[in-house]
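# Observations on the three-dimensional arrangement
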Amino acid sequence: MSVDLRSDTVTRPTPGMRLAMAEAEVGDDVYREDPTVRALEEHAAGLLGHQAALFVPSGTMGNFCALRAGAPVGTEIIADTEAHIVTYELGGLAALGGVQTRTLTGLADTLELAAVEAQLRAFPGGGTYNMVRTSVLAVENTRARDGGLVWPLERLDALRAITSAAGVALHCDGARLWNAAVAQDIPPRRLGEMFSTLSVCLSKGLGAPVGSLVVGDTDHVERAREWRKRLGGGMRQAGVLAAAGLYALSHHVARLADDHRRAGELARTLAAAAPGRVDPERTETNMVLLDVPDAGAFAARAAADGVLVGAAGPAKVRIVTHLDVDDDAIAHAGKVLAPLLADLPAVAA
Ligand SMILES: *Cc1c(COP(=O)(O)O)cnc(C)c1O
């Protein structure tokens, strides 16, 4: 048995999803004539409590279009030091957008809100000729590099109040927003409405083969549409892809709870085998992080036994549950990984 737990991006479209794709009505979406793309955009906008949405090929492009549409050249976007937009998007905001990124450590948890507030420099009335202006504060929910942790609602609500008072837009990299909503048992709209813009993925836990959405008000999404085209992301008969996304939104959101339960079970199994190397309390959604001496070597040993895991850092292994792994697969992964972990030197208490 081989189990691929490297990422929730490895899922393949299910038979029902493929059928929806095959039957999709399509047209030229650059002419705005693809009815399935339009249906997906309207559905997603409504789900998240916004006026409009835009279908884009990837989360990276979604973040770029949403952020760049709200951040003029020479302004700054503030994000957490560990943010995907800072770490894993090839510096696109600087390379292609002429926008500076400034990072804050602990934005998601340890940093006092007053300290965050003190960093925002929007200058709504003008009045500076040399300080870079903050246009957007970006958060990520769930937090990919922190093992899928969910933002507490109170902290998000407080950030919303601070940013709107300061005249700074609030963006959410919601690649796994659906996981956050399911984990907190709240409608996605509750998480959508508080942001100026969002980028949400269909190709992670939801299991669609391709695609993300930019969500926001109509003007903002129109500007994002220009950026999408400028980047070469205008797609033609994209309804075959949008159909997968629509299918995923109706069939694969509630089941994320299964992924979360399985990740929790695996975390507890592994914590019992090797205390101190995994903290089940920090498995809130579909990820488990393991502290090991050498992540590459650990991943190679696991792969030799048929379990694929990711190296999230030199000493950090990441395991992700998803649509294509069931209870048997997780039980098997536990049987393979527990002895490998137990073989490592004990962690000092
Ligand atoms: C996956 C991911 C993205 C976007 O990724 P693409 O591979 O470009 O679709 C953005 N943010 C986070 C947090 C992600 O996990």
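Criteria and cut-off values
- Residues numbered from 1 in each chain as written.
- Predicted model: local features only at pLDDT ≥ 70, side-chain atom pairs only at ≥ 80, totals over all residues.
- Heavy atoms only, no water.
- UniProt positions renumbered as here; feature names shortened; annotations may be inferred.
- Helix = DSSP H or I, 4+ residues; strand = E, 2+ residues; numbered from the N terminus.
- Buried < 20%, exposed > 50% of the residue type's maximum accessible area, 1.4 Å probe, protein only.
- Contact = heavy atoms within 4.5 Å.
- Pairing = 2+ DSSP bridges.
- Right-handed = clockwise from strand over helix to strand, strands pointing away.
- Expected span 1.5 Å × (residues − 1).
- Near = heavy atom within 4 Å.
- Polar contact = N/O pair within 3.5 Å; in protein donor to acceptor, adjacent residues only side chain to side chain.
- Nonpolar A, V, L, I, M, F, W, Y, C, P; charged D, E, K, R; others polar.
- Core = buried A, V, L, I, M, F, W, Y, C linked by side-chain atoms within 4.5 Å.
- Phe/Tyr/Trp six-rings, centres within 6.5 Å; stacked < 30°, edge-to-face > 60°.
- Lys NZ or Arg CZ within 6 Å of the ring centre and 35° of its normal.

## Some points on the UniProt feature "modified residue: N6-(pyridoxal phosphate)lysine" (unreviewed entry) in the protein chain
- Following the UniProt record, the feature "modified residue: N6-(pyridoxal phosphate)lysine" (unreviewed entry) maps to Lys204 here.
- Tracing the backbone shows Lys204 in the loop between β7 (197-201) and β8 (212-216).
- Lys204 gets classed as buried once you look at its relative accessible area, which sits at 14%.
- If sequence neighbours within four positions are ignored, Lys204 has contacts with Asp8, Thr9, Thr11, Ala175 and Arg176.

## So, the pairing of strand β6 (residues 169-174)
- Counting buried residues along β6, five of its six residues qualify, which places the element largely inside the surrounding structure.
- Across five bridges, strand β5 (residues 134-140) lies against β6 in parallel orientation. Directly across from Val136, in β6, lies its bridge partner Ala169.
- Crossover connection from β5 via helix α7 (residues 153-166) to parallel β6: handedness right-handed.
- In terms of strand pairing, β6 meets β7 through four bridges, oriented parallel. Paired with Asp173 across the strands is Ser199, a residue of β7.

## Overview of α7
- The end-to-end C-alpha distance of α7, which contains 14 residues, comes to 20 Å, matching closely the 20 Å that a straight helix rising 1.5 Å per residue would cover.
- Considering only its buried residues, α7 is in contact with α6 (113-119), β5, β6, α8 (177-184) and α9 (188-192).
- Of the residues flanking the end of α7, it is Gly167, one or two places downstream, whose phi is positive at about 75°.

## A word on the site of the ligand
- Around the ligand, the structure places Ser58, Gly59, Thr60, Asn63, His84, Glu89, Glu140, Ala144, Asp173, Ala175, Arg176 and Lys204.
- Between Arg176 and the ligand, the recorded distance is 2.9 Å, taken from a side-chain N or O atom to an oxygen atom.
- Lys204 is positioned such that a nitrogen or oxygen atom in its side chain is 2.8 Å from an oxygen atom of the ligand.
- Looking at the shell around the ligand, the element that brings in the most residues is helix α3 (residues 59-70), giving three residues.
- Per-class residue counts for the shell around the ligand are two nonpolar, five polar and five charged.

## Remarks on the nonpolar core
- If you look at the biggest cluster of nonpolar residues, it comprises 51 residues, and the most contacted ones within it are Phe55, Leu137, Val139, Leu191 and Leu213.
- Here this core gets five residues from one element, more than from any other, and that element is helix α11 (residues 239-251).
- Not counting the four nearest positions on each side in its chain, Leu191 is found in contact with Asn141, Leu153, Leu156, Leu177, Ala180, Ala181, Gln184, Ile186 and Leu198.
- Leu270, Ile319, Ala338 and Leu344 belong to the second largest nonpolar core, which has 30 residues in total.

## Quick look at the pairing of β5
- In terms of burial, β5 is a largely internal element, seven of the seven residues being buried.
- Where strand β3 (residues 76-80) meets β5, four bridges bridge the pair, whose relative direction is parallel. Bridge pairing in β5 links Ala79 to Ala138.

## What about the packing of aromatic side chains?
- Within the structure shown, the criterion is met by one aromatic pair.
- Between Phe64 and Trp227 the ring centres are 5.5 Å apart and the planes differ by 75°, which places this aromatic pair in the edge-to-face class. One end of the pair, Phe64, is in helix α3; the other, Trp227, is in helix α10 (residues 218-230), with 163 residues separating them in the sequence. Residue Phe64 shares its accessibility class with Trp227, and that shared class is buried.
- Of note, Arg230 hangs over the ring of Trp227, and the distance from its end group to the ring centre comes to 4.5 Å.

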